[in-house]
Amino acid sequence: MSRRRWVPVAAVAMVMALAGAGCGGDDEGGGSEGTSQGSGQSQKSFEAGTTMARIADKGEIRIGVKYDVPPFGFKNPRNNQIEGFDIDFGKAVAQELGVKPTFVEAISDNRIPFITDGTVDLVLSTMTINEERAQEIGFTDPYFIARGRILTKEGSDIKGVDDLAGKKVCTALGSTYEETLKKQAPRADLRLVDTYSECLELIQNGAVDAVSTDDVILTGMIIQDDSLALVPGEELTVEPYGGGFKRGDTKFAEFLNGVLEKYKSDGRWQRAYDKWLGQYTKEEQKPPDATLDQALQGEVT
Amino acid sequence: MFDVLTENFDAFASGLWVTTRLVFASFVVALVLGTVVAALRVAPVRAMQAAGAVYVEIFRNTPLLVLLFISFAGLRRAEVDISAWTAGIASLGVYTSAYVAEALRSGVAAVSRGQIEAGLSLGFSYAAVLRRIVLPQAFRTVIAPLASVTIAMVKNSAIVGASLLALPDLLKEARIVNSNTFQTTEAFFWAAVGYLLLTATATVVFRALESRYAIHR
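None of these values were measured; they are calculated from a predicted model.

A. Representation of the overall build of chain A within the structure. The helix and strand tally for chain A stands at 11 helices and 14 strands. Here chain A holds 301 residues, and the buried ones make up 42% of them. Of the contacts made within chain A by residues no fewer than 6 positions apart, 70% connect residues no fewer than 24 positions apart.

Next up, the structure:
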């Protein structure tokens, strides 16, 4: 029965190997993601006891982002790096703190718990500012205004939401757009599918005439297929995106809003917009100037 | 419980109607194709047997969801203007026809070889032997297995609605009700009742056929 005696030994060895690998993986993960734009800068000093001081001491800021929402946060299949509009802004925040950014995947379901339990210091993951979420976490001022839009094939005769009557329109089952479309285009023939990639297939093969959801997701479809285009000027909803952090951390909020102000005013916001969105949608957008309060009151236009 | 049904009755009713039409049309397709393929499989010509076997193995061994993707997305990309209805009926029909063919073949196998030889020696053509002697008996012996195939098809029809065909069938309507009301248990309970109505109807019809035509050996 010598085999049996080896089992616990093997198990212990395995646990140790796994634990070792786990530690190594963590360190390496941080290193590979952190293109460390902040390196080369002198250590910045912050008021003791603030979140900024804690992050600066640690030398890294952990930022929760999407991994599957091009062009805001996605894993580039060519180089396996996390890239996008949210990531660029995250790097700007890290640079201001003089630390390296570590990007952690935060899906819609876990991003708020990640903030409250301290897994991440900041979330930048296409998160719409609303009153319900503001009860749980703190928000920055809006750093991007997404809009509910309509996507069609180029040259379509759909010019606005009223033209959707009698047309086949695809959106995700259970999304807010199911309700929005029922209200704003009651005579549209809705095709409800599980994922937006199915909507992309349906509009590409001509089975539906239009897709409606956030312009950010629609832009991702245009990147896949440039024969698709947004219906100009038609906006169904307004979704101001905010960065999320621990509720009540007013010093961190002030700091982040300061970074955002600078990011918007020195042209970096505009460059990121053109790089990730404008070149595909052929549209222009100015940096948002709405405040958090306006976003919470639904006064953003 | 009942308020979810009464408040969303139109949704459930239209979903049930879509599923009923889908199942009925697919059943006709499956029965016709299945009979032809079963005839091929018992034909005296090697090539015909092989063709029948290939058909059965392809469609019985391909997931229905894959057939739906190929028949809809694939054909549309090949510039064939196929509608979601046609693709759904064709896929479910063709998929089920492979099972129908196998059921019928087992029925044919149950008819003794001597009857076929007797028919042929009396000067009937092979097709006439099948049509007049073998298949009528085969259909009688396979009523029970066909009932199982039909019930499986009713339930498989839910895959059509869940696929990218996005047909508003009973399951899809239930999911929409669920996403609007968040009353998950109730929404799917009433969908299950709808499917039960269809399968129970099929059971009753096949029972009646069986008591009338079945051969008891």
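B. View of unusual backbone geometry. A:Pro70 connects to A:Pro71 through a cis peptide bond whose omega is 5°. Within the secondary structure, A:Pro71 is located in the loop between β2 (68–69) and β3 (73–75). The phi dihedral of B:Glu79 is positive, around 65°, even though this residue is not glycine. The exposure class assigned to B:Glu79 is exposed, which follows from the 8 C-beta atoms found within 10 Å. The residue B:Ala166 is not glycine, and still its phi comes out positive at about 55°.

C. Inspection of the domain arrangement of chain A at higher detail. All names here are of chain A. Partitioning chain A into structural domains gives domain 1 (37–143 + 242–291) and domain 2 (147–238). Taking only C-alpha atoms into account, the centre of domain 1 sits 28 Å from that of domain 2. Contacts between the two partners involve eight residues from domain 1, matched on the other side by six residues from domain 2. Of the residues forming the side of domain 1 that touches domain 2, the biggest block, three residues, is contributed by helix α10 (residues 268–281). Of the residues contributing to the side of domain 1 that touches domain 2, the split by class is six nonpolar, two polar and no charged.

D. Molecular detail of the interface of chain B and chain A. With 10 residues of chain B in contact, the opposing surface of chain A contributes 12 residues. Looking at the side of chain B that touches chain A, the elements with two or more residues in it are α4 (64–77) and α9 (170–181) of chain B. Residue classes in the side of chain B that touches chain A are distributed as five nonpolar, one polar and four charged.

E. Spatial organisation of the packing of helix α8 (residues 215–224) of chain A against α10(A). Residues and elements named next belong to chain A. At their nearest, the axes of α8 and α10 sit 9 Å apart, and the two run at 65° to each other. Regarding the angle of α8 to α10, the classification is roughly perpendicular. Note on packing geometry: the crossing formed by α8 with α10 is left-handed. On α10, the residues touching Thr 219, Ile 222 and Ile 223 of α8 are Leu 277, Tyr 280 and Thr 281. The residue inventory of the contact of α8 with α10, partitioned by class, reads four nonpolar, two polar and no charged.

F. Broad picture of α4(B). Look at α4(B): 19 Å from first C-alpha to last across 14 residues, which is about the 20 Å you get at 1.5 Å a residue. Among the residues making up α4(B), those that are buried are B:Leu67, B:Leu68, B:Ser71, B:Phe72, B:Ala73 and B:Arg76. Contacts made by the buried residues of α4(B) are with α7 (196–204) of chain A together with α5 (84–110) and α8 (143–162) of chain B. Two residues or fewer after α4(B) comes B:Glu79, characterised by a positive phi angle close to 65°.

G. Spotlight on the sheet that holds β2(A). All names here are of chain A. Strand order in this open sheet of three strands is β2-β3-β4, and the pairing throughout is antiparallel. The sheet is open, and its two edges are formed by β2 and β4 (82–83), each paired on a single side. Examined bridge by bridge, β3 and β4 share two bridges and lie antiparallel to one another. Looking at β4, one finds that Phe 74 is bridged to Glu 83.

H. How the structure looks around the environment of A:Arg191. Turning to its location among the elements, A:Arg191 is positioned in strand β10 (residues 189–193). For the pair A:Arg191 and A:Ala172, spaced 19 residues apart in sequence, the C-alpha separation works out to 8.3 Å. The residues touching A:Arg191, leaving out its near neighbours within four places in the chain, are A:Lys168, A:Val169, A:Cys170, A:Leu202, A:Val208 and B:Ala166.

I. Quick look at the pairing of β10(A). Residues and elements named next belong to chain A. β10 sits mainly inside the fold: four of its five residues count as buried. Summarising the sheet, strand β9 (residues 168–172) and β10 pair through five bridges and their orientation is parallel. What sits directly across from Val 169, in β10, is Leu 190. The β-α-β motif built from β9, the intervening helix α6 (residues 176–184) and the parallel element β10 has right-handed crossover chirality.

J. Structural detail: the nonpolar core. In this structure, A:Leu151, A:Val169, A:Ile203, A:Val211 and B:Leu165 are the most contacted members of the largest nonpolar core, which totals 144 residues. When residues of this core are assigned to domains, at least three fall in each of domain 1 (37–143 + 242–291) and domain 2 (147–238) of chain A.

K. Structural view of the environment of B:Ala187. Residue and element names in this part refer to chain B. Note on placement: Ala 187 falls in helix α10 (residues 184–213). In this structure, the C-alpha to C-alpha distance between Ala 187 and Ser 83, residues 104 residues apart in sequence, is 28 Å. Residues contacting Ala 187, with those up to four places away along its chain left out, are Val 4, Ala 174, Val 177, Asn 178 and Thr 181.

L. Focus on helix α3 (residues 46–60) of chain B. Residue and element names in this part refer to chain B. Taking 1.5 Å per residue as the helical rise, α3 with its 15 residues ought to reach 21 Å, and the 21 Å between its terminal C-alpha atoms agrees with that figure. What α3 keeps buried is the set Gly 52, Tyr 55, Val 56 and Phe 59. Taken down its axis, α3 places every buried residue within 95° of arc, on the same side. For α3, exposure combined with an orientation more than 90 degrees from the buried face picks out Arg 46, Ala 47, Ala 50, Val 54, Glu 57 and Ile 58. Contact partners of the buried residues in α3: α2 (9–41) and α5.

M. Spotlight on the packing of helix α3 (residues 85–97) of chain A against helix α9 (residues 250–265) of chain A. All names here are of chain A. Packing of α3 against α9 brings their axes to within 10 Å, and their N-to-C directions diverge by 115°. Classified by the angle their axes make, α3 and α9 are roughly perpendicular. For the crossing formed where α3 meets α9, the hand is right-handed. Residues Phe 89, Ala 92, Val 93 and Glu 96 of α3 form the contact with α9, whose participating residues are Leu 256, Val 259 and Tyr 263. Among the residues making up the contact of α3 with α9, the classes are represented as six nonpolar, no polar and one charged.

Conventions used here
- Residues numbered from 1 in each chain as written.
- Chains lettered and ligands numbered in written order.
- Predicted model: local features only at pLDDT ≥ 70, side-chain atom pairs only at ≥ 80, totals over all residues.
- Helix = DSSP H or I, 4+ residues; strand = E, 2+ residues; numbered from the N terminus.
- Buried ≥ 20, exposed ≤ 12 C-beta atoms within 10 Å, placed from the backbone.
- Contact = placed C-beta atoms within 7 Å.
- Domains from an automatic or database assignment.
- Nonpolar A, V, L, I, M, F, W, Y, C, P; charged D, E, K, R; others polar.
- Axes fitted to C-alpha atoms, helices over the stretch in contact; angles between N-to-C directions.
- Parallel < 35°, antiparallel > 145°, perpendicular 65-115°, else oblique.
- Left-handed = near helix turned anticlockwise from the far one by under 90°.
- Expected span 1.5 Å × (residues − 1).
- Pairing = 2+ DSSP bridges.
- Right-handed = clockwise from strand over helix to strand, strands pointing away.
- Core = buried A, V, L, I, M, F, W, Y, C linked by C-beta atoms within 7 Å.
- Arc of directions from axis to C-beta.

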